[in-house]
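# Chain and residue survey
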Amino acid sequence: TFADSASTGNGTKVEASTSSGDVHVLDDTYGLDVSFPIHHRVSTNYPSLLHNLDPLHHHAPRQYENMPLQTLGDRHDLYLRHLEGCRKAYAPDYSKSCDIFEYDRMLMNRRQPQSMVNLTETGWKIIRAPSRLKELIDDFWEKNSDKDKLETWVVGNSYV
């Protein structure tokens with residue numbers, strides 16, 4: 001699991017550390033589909049591949065064109081294990097629902113940002129909530145945080 005990883009978008013190097021203590025330095029190319037599939041499958045474009053080691057003499061194979069550089073190791077295998085865990089949890093009757101919801105989740109992630117007028121071109125914007133709104137939210141939380149109830153979701157749903 002990675003902690004404290006982020007891209008500044010301004011060329012600044014950012015460190016990401018694993019639970020085992022390994023530190024990876026990321027640059028501003030770290031983005032979608034590197035740590036976990038957001039729009040498409042997770043990147044398998046590893047720095048050790050020939051087209052990344054010697055791009056002047058080796059053109060990237062078609063499957064890696066426009067795929068971000070995978071600086072976090074084998075995240076594809078981690079994702080496949082995640083899906084397999086879902087399938088096992090809902091086997092045998094509902095295991096396919098995991099794949100269906102994953103497909104729908106990624107499709108929604110591609111479609112939804114373009115329909116939102118308050119987001120950036122790439123679909124993300126960080127803004128500070130107005131102080132009055134923050135007060136209302138904090139007040140609501142203080143009054144209701146002990147009134148939680150278990151939500152029920154469709155089997156295999158991965159949106160949460």
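In this report, we go over the structure that sits alongside the text. (Residues numbered from 1 in each chain as written. Predicted model: local features only at pLDDT ≥ 70, side-chain atom pairs only at ≥ 80, totals over all residues. Heavy atoms only, no water.)

## Here's the deal with the packing of helix α2 (residues 75–89) against helix α3 (residues 95–115)
Worth spelling out the cut-off: In this analysis an axis means a line fitted to C-alpha atoms, helices contributing only their contacting stretch, and an angle means the value between N-to-C directions, from 0 to 180 degrees. Helix numbering and strand numbering both begin at the N terminus, where a helix is a DSSP run of H or I of at least 4 residues and a strand a DSSP run of E of at least 2. Reported orientations rely on four angle classes, namely roughly parallel under 35 degrees, roughly antiparallel over 145, roughly perpendicular from 65 to 115, and oblique for the rest. Note on contacts: a residue pair qualifies if any of its non-hydrogen atoms lie within 4.5 Å across the two residues. Under the scheme applied, nonpolar residues are Ala, Val, Leu, Ile, Met, Phe, Trp, Tyr, Cys and Pro; charged residues are Asp, Glu, Lys and Arg; polar residues are all the others, including Gly.
Contact geometry of α2 with α3 gives a least axis separation of 7 Å together with a crossing angle of 130 degrees. One way to sum up the angle between α2 and α3 is to call them oblique. Contact residues: Tyr79, Leu83, Cys86 and Arg87 in α2; Ser95, Cys98, Asp99, Glu102 and Met106 in α3. A per-class count over the contact of α2 with α3 returns five nonpolar, one polar and three charged.

## Description of α2
To keep it simple, the criterion reads: Here, expected helix span is obtained from the residue count minus one, scaled by 1.5 Å. In this scheme, a residue with accessible area under 20% of its type's maximum is buried, one over 50% is exposed, and one in between is partly exposed, where area comes from a 1.4 Å probe on protein chains only. Arc, as used here, means the arc of the directions from the helix axis to the C-beta atoms. Any N or O atom pair separated by 3.5 Å or less is treated as a polar contact, with the protein-specific requirement of one donor-capable and one acceptor-capable atom, and with residues adjacent in sequence counted only for side-chain atom pairs.
Taking 1.5 Å of rise per residue, the 15 residues of α2 would be expected to cover 21 Å, and the 21 Å separating its terminal C-alpha atoms lies within 8% of that figure. Regarding α2, the residues found buried are Arg75, Tyr79, Leu83 and Cys86. Here the buried residues of α2 occupy an arc of 80 degrees about the axis, which is enough to place them on one side. Across α2 from its buried face, at more than 90 degrees, point the exposed residues Arg81 and Lys88. Of the residues flanking the start of α2, the one acting as N-cap is Asp74, its side-chain oxygen 3.4 Å from the backbone nitrogen of His76.

## What to know about the pattern of salt bridges
This is how it is decided: We define a salt bridge as a side-chain nitrogen of Lys or Arg found within 4 Å of a carboxyl oxygen belonging to Asp or Glu.
Scanning the entire structure with this criterion turns up seven salt bridges. Between Arg81 and Asp77 there is a salt bridge, with its nearest N and O atoms 3.3 Å apart. Linking Arg81 with Asp77, this pair stays in helix α2, spanning four residues, or about one helical turn. Look at Arg81 and you get exposed, because its relative accessible area is 51%. The exposure class of Asp77 is partly exposed, given its relative accessible area of 35%. The closest approach of N and O atoms between Asp139 and Lys143, which form a salt bridge, is 3.2 Å. Taken together, the positions of Asp139 and Lys143, both in helix α4 (residues 131–144) and four residues apart, correspond to about one turn of that helix. Judged by relative accessible area, which is 37%, Asp139 ranks as partly exposed.

## A word on unusual backbone geometry
Residue Pro92 is bonded to the preceding Ala91 through a cis peptide linkage, with omega at -5 degrees. On the secondary structure map, Pro92 appears in the loop between α2 and α3. With phi around 65 degrees, Asp33 is a residue other than glycine that occupies positive phi space. Inspection of the secondary structure assignment puts Asp33 in the loop between β3 (23–26) and α1 (50–53). Overall, Asp33 belongs to the buried group, its relative accessible area being 8%. If you check the backbone angles, Asn66 has positive phi at about 65 degrees while not being a glycine. Counting through the fold element by element, Asn66 comes out in the loop between α1 and α2.

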